[in-house]
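# Descriptive structure summary
What follows is the residue order along each chain.
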Amino acid sequence: MEIKRVGKLLMDHIPGIMILNEEEEIIWMSPMVEQIYHQKNILKCKFYDLFSVTLDIIMGTKKIFKTPYGKKYSMSARKIVDEKKEYIFVFIEDIEDFTNHQIRLYCLEKIIDSINDGIIMSDAEGRIILYNDAQEKLEELSAKNIVGKYLWEAYNYKAIEMSEHQKVYKTGVSIVNKYKAHAYKDGVPKYVSYSTYPIKKDGETIAVYSISKNETMLKSLLSQTIELKRRLRSKIPLKSNDYYDNGTTYTFTNIIGDSEQIKNLIKEAETIALLENNLLIVGETGTGKEVFAQSIHNLGKNKKEPFVAINCAAIPENLLESILFGTVKGSYTGAVDQSGLFEEARGGTLFLDELNSMPITMQTKLLRVFQERKVRRVGGLKTAQIHCRIISAINEDPQKIIREGKLRQDLFYRIATICLYIPPLRERPQDILSMSSFFIEKYNNMLNKNIKAFSSELREIMLSYNWPGNVRELEHILENLMIRVRENEKELRTEHLPKYIQTRIIGENACSKIQKKQNSLTGTLRDIEKRIILESLNKNEWNISKTSRDLGIIRQSLIYRMKKLGIESVHRNEVV
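Once a new chain begins, its residue numbering starts again from 1 and follows that chain's sequence as written. This being a predicted model, a pLDDT of at least 70 is required before a residue's local features are given, and a value of 80 or more before pairs of side-chain atoms are given or counted; all residues contribute to the totals for chains, interfaces and linings. The basis for every side-chain value is the complete set of non-hydrogen atoms in the structure, without hydrogens or water.

## Re the sheet that holds strand 9 (residues 188-201)
Any two strands with at least two DSSP-identified bridges between them are counted as paired. Where helices and strands are cited, they refer to DSSP runs of H or I of at least four residues and of E of at least two residues respectively, numbered from the N terminus. The five strands lie next to each other as 7-6-10-9-8, forming an open sheet whose pairing is antiparallel. A single partner strand is all that each edge strand has here, and the edge strands are strand 7 (128-131) and strand 8 (175-185). For this sheet the average axis-to-axis angle between neighbouring strands, irrespective of direction, equals 30°. Direction of pairing for strand 6 (residues 118-122) relative to strand 7: antiparallel, over a ladder of three bridges. Directly across from Met121, in strand 7, lies its bridge partner Leu130. The contact rule is simple, with two residues in contact once any of their heavy atoms fall within 4.5 Å. The angle between two axes is taken between their N-to-C directions and runs from 0 to 180 degrees, where each axis is a line fitted to C-alpha atoms and a helix contributes only its stretch in contact. Running at roughly 140° to strand 10 (residues 204-213), helix 9 (residues 164-171) makes contact with strand 6, strand 8, strand 9 and strand 10 of the sheet.

## Things to note about the packing of aromatic side chains
The rule is short: rings of Phe, Tyr and Trp, with Trp giving its six-membered ring, pair when the centres are within 6.5 Å, and they are stacked under 30 degrees, edge-to-face over 60, tilted in between. Taken as a whole, this structure holds nine aromatic pairs when the rule is applied. Ring plane angle 15° and centroid distance 5.1 Å describe the contact between Tyr150 and Trp152, whose orientation is recorded as stacked. Overall, Trp152 belongs to the buried group, its relative accessible area being 16%. When the centroid spacing of 4.8 Å and the interplanar angle of 75° are considered together, the rings of Tyr465 and Trp467 count as edge-to-face. Residue Tyr465 shares its accessibility class with Trp467, and that shared class is buried. The buried label goes to any residue with under 20% of its type's maximum accessible area, the exposed label to any with over 50%, and the partly exposed label to all in between, with areas taken from a 1.4 Å probe on protein chains only.

## Looking at the sheet that holds strand 11 (residues 279-282)
Here we have five strands laid out as an open sheet, ordered 12-15-18-11-19, and parallel in their pairing. Looking at strand neighbours, the two that pair on one side only are strand 12 (307-311) and strand 19 (418-421), the edges of this open sheet. Taken over all neighbouring pairs, the strand axes of this sheet differ in orientation by 20° on average, direction set aside. For strand 11 and strand 19, the ladder comprises four bridges, and the chain directions are parallel. Counted as the bridge partner of Val282 is Tyr421 from strand 19.

## Quick word on the pairing of strand 11
Residue alternation in strand 11 divides its side chains into two sets, Leu279 and Ile281 and Leu280 and Val282, and both sets are buried. Pairing analysis gives four bridges linking strand 11 to strand 18 (residues 389-394), with the strands arranged parallel. When the bridges of strand 18 are listed, Val282 appears paired with Ile394.

## A closer look at helix 13 (residues 317-325)
Within helix 13, burial applies to Leu320, Ser322, Leu324 and Phe325. Where helix 13 is buried, its residues contact strand 12, strand 13 (326-327), helix 14 (341-344), strand 15 (349-353), helix 15 (360-372) and strand 16 (374-376).

## Concerning the packing of helix 11 (residues 260-273) against helix 12 (residues 289-299)
Packing of helix 11 against helix 12 brings their axes to within 8 Å, and their N-to-C directions diverge by 45°. Considered as vectors, helix 11 and helix 12 are oriented oblique to each other. By crossing handedness, the relation of helix 11 to helix 12 is classed as right-handed. Along its contact with helix 11, which presents Ile262, Leu265, Ile266, Ala269, Glu270 and Ala273, the element helix 12 presents Phe292, Ile296 and Leu299. Working rule for angles: under 35 degrees goes down as roughly parallel, over 145 as roughly antiparallel, 65 to 115 as roughly perpendicular, anything else as oblique. Whether a crossing is left-handed or right-handed is set by the direction in which the near helix is turned from the far one by less than a right angle, anticlockwise for left-handed and clockwise for right-handed.

## Overview of the nonpolar core
One finds Leu324, Phe342, Leu350, Leu352, Leu355, Met358 and Leu366 to be the most contacted residues of the largest nonpolar core, which totals 32 residues. The element contributing the most residues to this core is helix 15, with five residues. In this structure, Met358 is in contact with Cys312, Leu320, Leu324, Gln363, Leu366 and Lys406, ignoring residues within four places of it in sequence. Ile440, Val471, Leu478 and Leu481 belong to the second-largest nonpolar core, a separate cluster that totals 24 residues. What makes a nonpolar core is a set of buried Ala, Val, Leu, Ile, Met, Phe, Trp, Tyr and Cys residues whose side-chain atoms join them at distances within 4.5 Å.

## Looking at a nonpolar patch on the surface
Taken together, the side chains of Leu108, Ile111 and Ile115 make up a nonpolar region of the molecular surface, amounting to roughly 250 Å² of accessible area. Along the chain, the position of Ile115 falls in the loop between helix 5 (101-114) and strand 6. By relative accessible area, Ile115 is classed as partly exposed at 32%. Patches here are clusters of residues that have more than 30% relative accessible area and form no salt bridge, with a 9 Å joining cutoff for like charges and a 5 Å cutoff for nonpolar side chains (Val, Leu, Ile, Met, Phe, Trp, Tyr). Note on areas: these come from Shrake-Rupley sampling with a 1.4 Å probe, and a residue is covered only by the protein chains present in the view. Here, a salt bridge means any side-chain nitrogen of Lys or Arg that lies within 4 Å of a carboxyl oxygen of Asp or Glu.

## Some thoughts on helix 15
Along an α-helix, residues three or four positions apart point the same way, because every turn accommodates 3.6 residues. Expected helix span is taken as 1.5 Å per residue step, with the number of steps being one fewer than the number of residues. The terminal C-alpha atoms of helix 15 lie 19 Å apart, and with 13 residues this matches the ideal 18 Å at 1.5 Å per residue to within 8%. The complete set of buried residues in helix 15 reads Met362, Gln363, Leu366, Leu367, Val369 and Phe370. Considered in projection along helix 15, the buried side chains sweep an arc of 160° and stay on one side of the axis. At its buried positions, helix 15 is contacted by helix 13, helix 14, strand 15, strand 16, strand 18 and helix 17 (409-415). Phi turns positive one or two residues past the end of helix 15, at Arg373, with a value near 55°. To obtain the arc, one takes the directions from the helix axis to the C-beta atoms.

Structural data, given as structure tokens:
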């Protein structure tokens, strides 16, 4: 009895199968076939009479058909020969049976491919086993070239340890709300916002997956909102005390510039402001790195929290550690219990300016803070969690200072989760004029002047100058110009510049003019030499020997000069 019951259970779970003889009569069927038509007496029935489908249509391929009761099934057939007898096996599958694992898997894969968020999944060995359409669009990669590869091969990691999926697989700890680029298209990083989770079964991690947010629409709406806010605020005059009570002075409305570079840079910075990742701002001295840092803070969700800034180049190394991390009373002579800037910033922003000037030994200590998000006061034993966003700034090319040993490479990867590059003023001459107009208006009000424009000569000098000090230098020079102009004058001229500034900017500019004059002089001398030789040739009826004696040079020298000046080619038929 037990065997019969087991046999019945087995039969009940066999998929829909029918066996037909050569005459296409049903000679055996599984219980599922009976359930399809709610009847048992179908043995010996012809296949066509029952299903109204010819076998050649479903032979070797799947076809969908619907029963009189509205159920949908897929059907396929295959011939099997046994002892010279031919049988036809017909396989029937309920495509709406969600207890069938294959159907469930098919539906889930379709859902995954249709959602807007990117999904990537890897197995225990780090092979990519799922990469949906949305992830393709976000990273601009092809699933055909990705699925089946190891993560470090697909993304060109230098080491397996760089794979976050493998890290999550080994630790079982999720990585949440990261903003990073793993894929590159033509050298351009494709940043995505994502979280990575382990998949556990029976307490063991069997796979890892990441969900990448498709923020295209959100960013588009955000940019439109921010642009409308900018236009609105630009119509409202700023007061001297119009800033947040958080240690800042600037917002994005204070950034002056009409060039496409600065407009795109502001839009990029406004998007970054909504994230909480660490940020590195790269720009030469005087480009306005702190202005951007404060503006980003004041657009972020923690704008009411403190903005704390420190110039790492201005503080001696022995004081820098205690200022950043704080001190415990008795840790050294005169030390008191005092919190450091990491703690003072609370949930706001800590701005580390000129980080590349920080000694390497101090960079090592700072790296630990970035990694653990904890700080220990000098001389203390307890650690405190830090909650602030860290914005760093350097005034040199990061790859250059890494090669020179001025910046630790591992620290760079920690501080540069997102990177913002501010181009120097010389690369955006359009902004020189718009900023100049702003500063002229500023000092008109301060000094009671009425300047309207530059002279054409000074304008040319301003546009051709290299501006090594960038915006800071521009304001300095304009302030000096405005101080020296008379009250009744309406134009800034070169003579208003102090002597030391004239030497710096006009001297540099003069070199360019001298070079142009030298080029002009060379051309003039060439024309004079050609005219003199032609006059002598005509005088001597193009006799080379007589002409050379007339000019006081040897014959070979005259022929060389004629070739060089193109005289021979022009009058070759007349040369004797």
